[in-house]
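Here's the letter readout for the chains.
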Amino acid sequence: MKNEKKDIETAIAHLEELVVKMESGKGSLEENIQWFDDGIKLIEVCRMELNDSEKKIDELIKNAEGSFSVKNIE
Amino acid sequence: MPVEKSYLTVSKLNSEIKNLVEGNLSSLWVKGEISNYHLHPSSGHMYFTLKDTGGEIKCVMFRGNNNSVNFVPDNGIQVLINCSVTIYEQRGQIQLRVFEMKPEGDGDLFLAFEKLKLKLISEGLFEQSHKLTIPKYPKVIGVLTSGTSAAFKDICNVINRRAPYVKIILRSVIVQGNDASRTIIEGIEDFNSYENVDVIILSRGGGSIEDLWCFNEESVARSIFKSKIPIVTGIGHETDFTISDFTSDLRAPTPSAAAELVAPKQEHALGQLNQIQDQLYKSLKKTLERYMLKIDYIDEKVRYLQPKKRIESQINKITELQKRLYSQIKIHHQNKTIELNSVYKQFNGLSPNKVLDRGYSILFSEENEVIRKSSDLKLGELFKAQTANGALIAKKTKEA
């Protein structure tokens, strides 16, 4: 995706990797704890994003010089 | 002499007819049904007869013109042709030279649709391998439709209900009529230039095939194909399939369905996160349990193998040895004591005191030297006589 920001899909894919790593039983105890911490933090970030229910409906406006802006139309 | 009558030669006549007809009957629209259709394989010219219930006329469409035909002509198809009447002088035959041909009646748009569909299929525009992946959790959804339409309201309602965290950006376009395809293409290009949308919904509510026609135009299809942002189409009703639907990355049967496909339910995403969280907890618990087991095992092993037992046994051994040592020392000591006593006794027997006890005395000069013989003392010299019990001072008075 063009969106460089970490989106929920990427985050979930990363979380699934963490689960696989942790379920494999590999890695030291320290690593496992680190993975767990990373996972829980990431889940919280995703939850915050998913619960951000501020509805936004904008319209894409093409400016005279060819740049774009958005205008709220709710 | 026969009366001279004016006449025309056949060629002249045909030439006159040609001038009369061709001058007056050009650029006509004629409607009829194709029969005896034949596409000349080498020249590429089309030959056919156009007929209706009352008559028929031969037609030719040269290759230079028939390139623009956007359907596959065949016998029995009703067509509308743009043509001029021509006379083939040598044979005195009349035929229509066709410049343009469109299917006419109900089948017209359908045929055009089929023709374009075949063309784009052959170019691979519909192939699955060209389809972009639709993001599972888009944050920003671009909507290309008429901003005042019911379709747009439906899309917004569905997205807000299912995924209130998603931002909607409308790029309002005309979805019917002559300007529709141009604005749709501009809209696709604008979203691609703007970049900050994860997926585009291209949509329009239901209508007749003519109403939806802009979505069957080649330029729109090519623009959809070119888009670097995935496009989901939701055009018309479930039974409407447009060229845009075939070209898009995902086709939804209606505008609302397109919104449903694009916006995953918030609960679903949260549920997935809960599930992952459970898995993480379980995995960590399992790992910790594994480590605890390992520690227990090691502890057991250490207890078994380790110092304490061995030390205990060593201590026991040492205690034992110590006891033995003590007892040995005791015995030794006792023996030595006995031995010492005997030696002491012997030694004691040799002591001068023992001699003194028996009544002897030892004489010492004033210099405290033992007097061993009488001559060691001079007459009148004092000397000390040591007895077993005290000493006395005496004087040598005479030689005995």
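My aim in this report is to walk through the structure given alongside it, one point at a time.

The rules behind the values
Residues numbered from 1 in each chain as written. Chains lettered and ligands numbered in written order. Predicted model: local features only at pLDDT ≥ 70, side-chain atom pairs only at ≥ 80, totals over all residues. Pairing = 2+ DSSP bridges. Helix = DSSP H or I, 4+ residues; strand = E, 2+ residues; numbered from the N terminus. Contact = placed C-beta atoms within 7 Å. Nonpolar A, V, L, I, M, F, W, Y, C, P; charged D, E, K, R; others polar. Axes fitted to C-alpha atoms, helices over the stretch in contact; angles between N-to-C directions.

What to know about the pairing of strand β3 (residues 55-61) of chain B
Residues and elements named next belong to chain B.
1) Next: Bridge analysis of strand β2 (residues 46-52) against β3 gives seven bridges, and the strand direction is antiparallel. Bridge pairing links Y47 to V60 in β3.
2) Next: Between the end of β2 and the start of β3, which pair antiparallel, lie two residues.
3) Next: When β3 meets strand β5 (residues 93-103), the two strands line up parallel, connected through three bridges.

Description of the interface of chain B and chain A
1) Next: Every contact between the two is made by 33 residues of chain B and, on the other side, 35 residues of chain A.
2) Next: Those elements that provide at least two residues to the side of chain B that touches chain A are α4 (150-162), β7 (167-172), α5 (180-194) and α9 (266-305) of chain B.
3) Next: Among the elements that take part in the side of chain B that touches chain A, α9(B) stands out by supplying 13 residues, more than any other.
4) Next: Residues of the side of chain B that touches chain A, tallied by class, amount to 16 nonpolar, ten polar and seven charged.
5) Next: Examined bridge by bridge, strand β1 (residues 56-62) of chain A and β7(B) share four bridges and lie parallel to one another. Considered in β7(B), the bridge of K56(A) is made with K167(B).

Details of the sheet that holds strand β13 (residues 390-395) of chain B
Residue and element names in this part refer to chain B.
1) Next: Taken in spatial order, the three strands of this open sheet run β11-β12-β13, and their pairing is antiparallel. For this open sheet the edge positions go to β11 (362-364) and β13, each flanked by a neighbour on one side alone. The sheet shows a mean angle of 30° between the axes of neighbouring strands, direction not considered.
2) Next: Two strands pair when backbone bridges link them, and β11 and strand β12 (residues 382-387) are joined in this way by three bridges, in the antiparallel orientation.

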